[in-house]
Every structure is written in structure tokens, then in C-alpha cells.
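# Working through the structure, step by step
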Amino acid sequence: METVPPAVDLVLGASACCLACVFTNPLEVVKTRLQLQGELQARGTYPRLYRGFVASVVAVARADGLCGLQKGLAAGLLYQGLMNGVRFYCYSLACQAGLSQQPGGTVVAGAVAGALGAFVGSPAYLVKTQLQAQTVAAMAVGHQHHHQSLLGALETIWRQQGLAGLWRGVGGAVPRVMVGSAAQLATFASAKAWVQEQQWLPEDSWLVALAGGMISSIAVVAVMTPFDVVSTRLYNQPVDGAGRGKLYGGLADCLVKIWRQEGPLALYKGLGPVYLRLGPHTVLSMLFWDELRKWAWRGHHQGS
């Protein structure tokens with residue numbers, strides 16, 4: 001893989017994932033609604049307002065208009081820029097330090113970089129989740145926070161809950177991104193190298209990165225979905241006057257309650273839309289990142 005300075009990887013990683021976010025944000029809206037539907041209720045005891053991917057897209061469009069499919073886009077872009085800028089920067093530093101050459105080093109580097117990125121981007125993900133859950137009363141699932149905008153939501157949370165309130169739910173976000181980042185970065189690098197070794201495609205073709213991203217997305221979805229469901233629940237739950245969640249006490253409490261009250265399969269709620277969202281996002285972000293890195297590497301060497 002072409003080597004570029006970590007600061008360049010920060011910019012390229014953030015840019016690539018923001019570009020991918022524009023295309024995949026409607027899938028994120030649908031995923032959020034499906035994961036909140038039937039919260040802490042046994043299957044069959046609640047009305048299913050959202051059924052599958054296509055029907056859910058139609059339901060969101062009817063309730064909120066076509067623009068409703070891009071709810072929370074500004075918060076999503078902020079999150080992708082913050083989280084992935086930090087993630088790719090730290091991962092690039094680890095690779096330059098030689099960690100990726102050690103056994104298991106790529107997984108460790110991806111996990112640590114993902115954890116740091118998730119912490120930095122947590123306030124943006126909190127607001128994104130709450131904005132995407134908002135809809136008309138007849139189609140509402142989960143708690144409704146009634147925010148008007150990204151900045152308005154940040155101001156409201158800051159005023160009512162203080163600085164700590166902006167990082168509420170980070171305990172679910174960090175493991176979510178740790179496992180997803182480790183799976184994504186580790187499998188993408190190895191999958192791309194394997195495809196190149198097979199010589200099925202021209203070595204410099206963008207199809208090599210595309211193939212690596214497609215393989216990577218399967219691993220990401222498999223390990224990340226349960227943490228994704230928990231993270232959505234923790235971020236969207238209502239809070240009391242002290243800023244404590246009214247439904248869940250944290251990651252472990254949320255996992256146990258979902259398992260007991262909704263069944264173990266509830267941890268994979270919205271699996272189809274999760275893949276349809278994470279799959280394209282992983283493919284697009286890793287493809288954009290890889291192509292931008294090659295462009296930056298060529299520019300650096302041509303200018304030197």
C-alpha cells in the first residue's frame with residue numbers, strides 16, 4: 001500500500017468517508033428506525049411500522065418527504081469527518097511505526113484507532129441518531145427528542161446535561177467502532193493484497209480496491225451489528241434530570257435487556273438494511289480512500 005504522511009491520511013480518510021456518507025445516509029435513517037422499533041417489547045406485541053428495506057424507505061418518504069431520507073446528514077458528515085479523520089490518522093501512524101508488520105498488529109491498530117475516533121466523534125453520532133429517529137407521531141419509534149437542527153441539538157444537550165451529556169452513550173460507540181474498524185482495516189488490507197496476488201485485475205485498477213471493500217464489508221457487518229443496535233438504543237434513550245439514561249445503564253445492561261425482553265435475534269435487528277448501509281459505505285469509503293492515497297502518493301513523488 002502506498003505510504004503517505006499521517007496528516008494526509010487524516011484529510012483523505014475524512015474526505016473519503018464523508019463522500020460515502022452522502023450516498024449511504026438514507027440507509028442509515030432506515031437502519032435507525034428499524035433498530036428502535038419494538039424497543040424492549042417481545043416480538044409480536046407491537047405494530048411493525050417499518051418492514052424490511054424497501055417498505056421502510058417508502059414509509060420514511062411518505063411520513064417525512066423525500067428530504068426525510070437525508071435526515072441527520074449534517075451530523076452524519078460531522079461524525080464521519082471527526083471519527084474517520086482521527087481513525088485513519090492513528091492507523092497511519094501505527095503502520096509507519098511498523099505495528100502492522102507484527103502478528104495481529106493490523107487488527108490492534110485498527111481497533112485502537114477506531115476507539116479514539118469513536119470517542120472524538122461521539123457527540124455528532126449522538127445528535128445524528130436522535131435526529132434520524134424523529135418523525136411524525138404516527139410513525140414514531142423510540143424516544144422523540146424534537147431537535148430542530150444539529151447546532152440546536154448540541155446547544156440543548158449542553159444546556160440541559162452539561163459537557164458530559166454530549167458524550168452520553170460513548171460506552172456503546174467505542175466497542176462498536178473498535179470491532180468494526182479492526183475488521184474493516186484488517187480485512188481490506190489483506191483482501192486487497194490477496195486480489196493483487198491472484199492477478200485477476202490490473203494492479204493499479206480501482207477494481208482491486210472495490211473487491212477488497214466488498215470482502216471487508218461482510219466482516220464488518222457480521223461483527224458490528226449487535227454493537228450497532230446497542231449504540232443506537234443508548235444514544236436515543238430519554239434521560240432523567242441528572243442526565244442518566246432511563247432505559248439502560250450502559251453497554252452490558254442494554255445487551256442483557258434486549259436479549260431477555262426481545263430475544264437474541266433482536267441484536268441483529270435491521271440486519272438487511274445494516275448490510276445495505278455498511279456494505280456500500282465500507283466499499284465506497286475504502287475505495288475513495290485508496291484512490292485518494294494513490295493520487296496523493298503520485299503527487300508527492302512527482303513533486304520531489
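All of the points below concern the structure found in this document. (Residues numbered from 1 in each chain as written. Predicted model: local features only at pLDDT ≥ 70, side-chain atom pairs only at ≥ 80, totals over all residues. Heavy atoms only, no water.)

## Structural notes on the overall build of the protein chain
- Broken down by element type, the protein chain carries 9 helices and 0 strands.
- For the protein chain, the α and β elements follow one another from N to C terminus as α-α-α-α-α-α-α-α-α.
- Compactness check: the protein chain gives a C-alpha radius of gyration of 19 Å against a globular reference of 19 Å for 304 residues, within 12% of the reference.
- Its C-alpha atoms give the protein chain principal-axis dimensions of about 60 × 40 × 35 Å.
- Burial analysis of the protein chain (304 residues in total) assigns 50% to the buried set. (Helix = DSSP H or I, 4+ residues; strand = E, 2+ residues; numbered from the N terminus. Rg over C-alpha atoms; globule rule 2.2 N^0.38 Å. Buried < 20%, exposed > 50% of the residue type's maximum accessible area, 1.4 Å probe, protein only.)

## Observations regarding unusual backbone geometry
- With a phi close to 55°, Leu 40 is a non-glycine residue in the positive phi region.
- You can see Leu 40 is positioned in the loop between helix H1 (6–36) and helix H2 (52–64).
- Even without a glycine there, the phi angle at His 146 is positive, about 60°.
- Looking at the secondary structure, you find His 146 in the loop between helix H4 (105–133) and helix H5 (150–166).

## Notes on the nonpolar core
- Core analysis: the biggest nonpolar cluster contains 16 residues, and Ala 75, Tyr 79, Val 127, Ile 157, Val 177 and Tyr 235 have the highest contact counts within it.
- Looking at this core, the elements that each hand over two or more residues are helix H3 (73–96), H4, H5 and helix H6 (170–198).
- Considering each element in turn, this core owes the most residues, 6 residues, to H4. (Core = buried A, V, L, I, M, F, W, Y, C linked by side-chain atoms within 4.5 Å.)

## Considering the packing of H6 against helix H7 (residues 206–236)
- Closest axis-to-axis distance for the H6/H7 pair is 7 Å, and the angle between their directions is 170°. Judged on the interaxial angle alone, H7 and H6 are roughly antiparallel.
- In the contact of H6 with H7, the residues fall into 19 nonpolar, 9 polar and 3 charged. (Axes fitted to C-alpha atoms, helices over the stretch in contact; angles between N-to-C directions. Parallel < 35°, antiparallel > 145°, perpendicular 65-115°, else oblique. Nonpolar A, V, L, I, M, F, W, Y, C, P; charged D, E, K, R; others polar.)

## Details of the side chain of Asn 25
- Among the structural elements, Asn 25 can be located in helix H1.
- Relative accessible area serves as the criterion here: at 2%, Asn 25 is assigned to the buried category.
- The residues touching Asn 25, leaving out its near neighbours within four places in the chain, are Leu 69, Gln 70, Lys 71, Gly 72, Leu 73 and Gln 132. (Contact = heavy atoms within 4.5 Å.)

## Quick notes on the pattern of salt bridges
- The tally for this structure, following the rule as stated, stands at 11 salt bridges.
- When the shortest N-O distance is used, the salt bridge between Asp 240 and Arg 244 registers 3.5 Å.
- For Asp 240, a relative accessible area of 27% corresponds to the partly exposed category.
- For Glu 262, the salt bridge is made with Lys 269, and the minimal N-O distance between the two is 3.0 Å.
- On the basis of relative accessible area, Lys 269 is assigned to the buried category, the value being 13%.
- Through salt bridges with shared partners, one network takes in Glu 28, Lys 31, Lys 128, Arg 176 and Asp 228. (Salt bridge = Lys/Arg side-chain N within 4 Å of Asp/Glu carboxyl O.)

## Topic: the packing of aromatic side chains
- Under the definition given, this model contains 3 aromatic pairs.
- Look at Tyr 125 and Tyr 235: their rings are 5.3 Å apart centre to centre, the planes differ by 45°, and that puts the pair in the tilted class. Here Tyr 235 lies in helix H7 and Tyr 125 lies in helix H4, a separation of 110 residues in the sequence. Taken individually, Tyr 125 and Tyr 235 each receive the classification buried, so the pair is uniform in this respect. (Phe/Tyr/Trp six-rings, centres within 6.5 Å; stacked < 30°, edge-to-face > 60°.)

## A short note on the packing of H7 against helix H8 (residues 251–262)
- Two elements in contact, H7 and H8, have axes separated by 10 Å at closest approach and are oriented at 105°. Relative to H8, the element H7 lies roughly perpendicular. Two secondary-structure elements touch here, H7 through Val 229, Val 230, Arg 233 and Leu 234 and H8 through Leu 251, Cys 254, Leu 255, Ile 258 and Glu 262.
- Its residues assigned to classes, the contact of H7 with H8 shows 7 nonpolar, no polar and 2 charged.

## Looking at H1
- With 31 residues, H1 ought to run about 45 Å at 1.5 Å a step, yet its terminal C-alpha atoms sit only 37 Å apart, falling short of that.
- At Thr 24, H1 shows its largest kink, close to 55°, and the proline Pro 26 lies no more than four residues downstream.
- Of all the 31 residues making up H1, 22 are buried; the element is thus mostly covered by neighbouring parts of the structure.
- Of the residues flanking the end of H1, it is Gly 38, one or two places downstream, whose phi is positive at about 70°. (Expected span 1.5 Å × (residues − 1). Bend = angle between axes of the 7 residues up to and from the residue.)

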